[in-house]
Every structure is written in C-alpha cells, then in structure tokens.
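Close look at the chain arrangement
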Amino acid sequence: MSSEVLIKAESLTKKFDDFLAVDKIDFQVLKGECFGFLGPNGAGKTTTMRMVQCVLPLTSGSLSVSGMDVTRPGREIKKMIGVAPQEDNLDPDFTVLHNLIVYARYFDIPKKEATRRAEELLRFIQLDEKKEVVIDELSSGMKRRLILARALINEPKILILDEPTTGLDPQARHLIWDKIRSLRKEGVTIVLTTHYLEEAENLCTRI
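Residues numbered from 1 in each chain as written. Predicted model: local features only at pLDDT ≥ 70, side-chain atom pairs only at ≥ 80, totals over all residues. Heavy atoms only, no water.

**Remarks on the overall build of the protein chain**
Across its full length, the protein chain carries seven helices and eight strands. The C-alpha radius of gyration of the protein chain comes to 17 Å, within 12% of the 17 Å expected for a compact globule of 207 residues. Along the first, second and third principal axes, the C-alpha set of the protein chain runs to 45 × 35 × 35 Å. For the protein chain, the residues scored as buried account for 49% of the 207 residues in total. Sequence separation of 24 or more characterises 68% of the internal contacts of the protein chain that already satisfy a separation of 6 or more. Carbon and sulfur atoms make up 47% of the accessible area of the protein chain, which amounts to about 10,700 Å² in all. Taken as two groups, the 30 positive and 31 negative side-chain charges of the protein chain have centres that lie 4 Å from each other. (Helix = DSSP H or I, 4+ residues; strand = E, 2+ residues; numbered from the N terminus. Rg over C-alpha atoms; globule rule 2.2 N^0.38 Å. Buried < 20%, exposed > 50% of the residue type's maximum accessible area, 1.4 Å probe, protein only. Contact = heavy atoms within 4.5 Å. Areas by Shrake-Rupley, 256 points an atom, 1.4 Å probe, with all protein chains shown as cover. Lys, Arg positive; Asp, Glu negative; His and termini not counted. Charge placed at Lys NZ, Arg CZ, Asp CG, Glu CD.)

**So, the nonpolar core**
Grouped together as the largest cluster of nonpolar side chains are 40 residues, with contacts concentrated most on Leu122, Leu146, Leu159, Leu161, Leu183 and Ile190. Setting aside chain neighbours within four positions, we find Leu161 in contact with Ala84, Leu148, Ile180, Ile190, Val191, Leu192 and Thr193. Ranked by size, the runner-up nonpolar core spans 26 residues in total, among them Leu12, Phe35, Leu58 and Ile81. (Core = buried A, V, L, I, M, F, W, Y, C linked by side-chain atoms within 4.5 Å.)

**Quick notes on helix α6 (residues 170-185)**
Helix length check: α6 (16 residues) gives 23 Å between terminal C-alpha atoms against 22 Å at 1.5 Å per residue, within 8%. Looking only at α6, the buried set comprises Ala172, Arg173, Leu175, Ile176, Trp177, Lys179, Ile180 and Leu183. The positive-phi residue at the C-terminal boundary of α6 is Gly187, with phi of around 100 degrees. (Expected span 1.5 Å × (residues − 1).)

**Some thoughts on the pairing of strand β6 (residues 81-84)**
Burial of β6 is two-sided: the residues Ile81 and Val83 facing one way and the residues Gly82 and Ala84 facing the other way are all buried. With four bridges joining them, β6 and strand β7 (residues 158-162) adopt parallel strand pairing. Across the sheet, Val83 pairs through a bridge with Ile160, a residue of β7. (Pairing = 2+ DSSP bridges.)

**Examining unusual backbone geometry**
A positive phi angle, close to 50 degrees, is found at Ser66, a residue other than glycine. One can find Ser66 in the loop between β4 (60-65) and β5 (68-69). Non-glycine residue Glu163 carries a positive phi angle of around 50 degrees. Along the chain, Glu163 falls in the loop between β7 and α6. By relative accessible area, which is 4% here, Glu163 ends up buried.

**As for the packing of helix α3 (residues 96-104) against helix α4 (residues 111-124)**
Following both chains from N to C, one finds α3 and α4 inclined at 135 degrees, their axes separated by 9 Å at the closest point. In terms of their interaxial angle, α3 and α4 are classed as oblique. Where α3 crosses over α4, the handedness of that crossing is right-handed. Listed contacts from α4 to Val96, Leu97, Leu100, Ile101 and Ala104 of α3 are Lys111, Ala114, Thr115, Ala118, Glu119 and Leu122. Looking at side-chain class alone, the contact of α3 with α4 contains eight nonpolar, one polar and two charged residues. (Axes fitted to C-alpha atoms, helices over the stretch in contact; angles between N-to-C directions. Parallel < 35°, antiparallel > 145°, perpendicular 65-115°, else oblique. Left-handed = near helix turned anticlockwise from the far one by under 90°. Nonpolar A, V, L, I, M, F, W, Y, C, P; charged D, E, K, R; others polar.)

This is the structure we're talking about:
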C-alpha cells in the first residue's frame, strides 16, 4: 500500500431537502488499500459511494478522486471506477457471458477484447461453466459474483463494493471474500460498505 491518496473528502455533506444523509465527513482512501465504511442501514454509506461515483451531486464540502474534483464533468473518474451495487441489476434477458459483454460497451471496449475479458473474469469468479445460462437460473451467490465480475470489466483502478455479501449464505460470502483479497493483492484499491463487523474485520485495512 502506498501513501498516494486516491479519494479525499473534506466536510462532505449531502442533504435531500431537509433530510441530512451525510454530515460533514472527512476521509482519505490510499492507493492499494481496502477501505471500509461500517454502519447500519440508513447511515449514509451508499449515498457517500454514489457521490464518489459522480452519480449524486454533493451538497457542500469537497470530494476528489485521483486528484479530480467530482463536481466537474465526471467521465474520467467514471472510467477508472468499477461499481458493484447492492441491488441485483443484471439484465435477465441475457446470458451470464452476454451481460458482461454488453456492459463493456459503456466503456467503448471492442467486442473481441470484451469477450476475452469476460471469459477471463468468469474463470476468476468460478462461473465459466455457467456462461450460457440466463440470469434467472443463477443462485443469489452466483449473481453477486457476476456483479463483481461486471464491475471489473473496465479493469478499474478503484473498485466500489456496496454491501457485497448481504443476504448470502456463509459459503458464498467466504468465496466473495477470497476474490476481494485476490484483487487487493493485484493492486486494486477497494472501497467497501458493510454492516457486518466480521466482514470489515476480515477484509479492510482501515475502517
């Protein structure tokens, strides 16, 4: 882990009308670490992650990603981030493999390269034997692994995992933990939100 700061927030605040969702928080995420946001549902973890992703404007304070201000056009920031959201938003009309290839279009990845990356990622998450299966035939754990693979299709510098193992059985949870550890060893910077103390303790370098 280096001392390079990839994400920096100062007095970061988000309000929805009169509701204060994020209250003047300060944090820094260093290159190569797994930084955890630990807290109960409704604590503002997802709201904070959506501001980092440049999909939700901040109310006040400052927030930068790799030295770039998130209040400016966020195309360059979005290119360097991979996101695995809480919700299952896979396309049910496509197969496992096709979900990854179609998602790669958002990053202008040529189809041949997208297919290569997709097949490599399916091996990584141990779903290569399911690549021609439609989404509805997957278990919850398999869907979570596929969402993780999709978040990696653009070879991100920063990976955001929002409640990555919520609702999974212990075996599926530990498999995802193993994959997260592998990614960190490869140098991917990970920002993780969770309400599981055990998960934060097992994966995060700082909380």
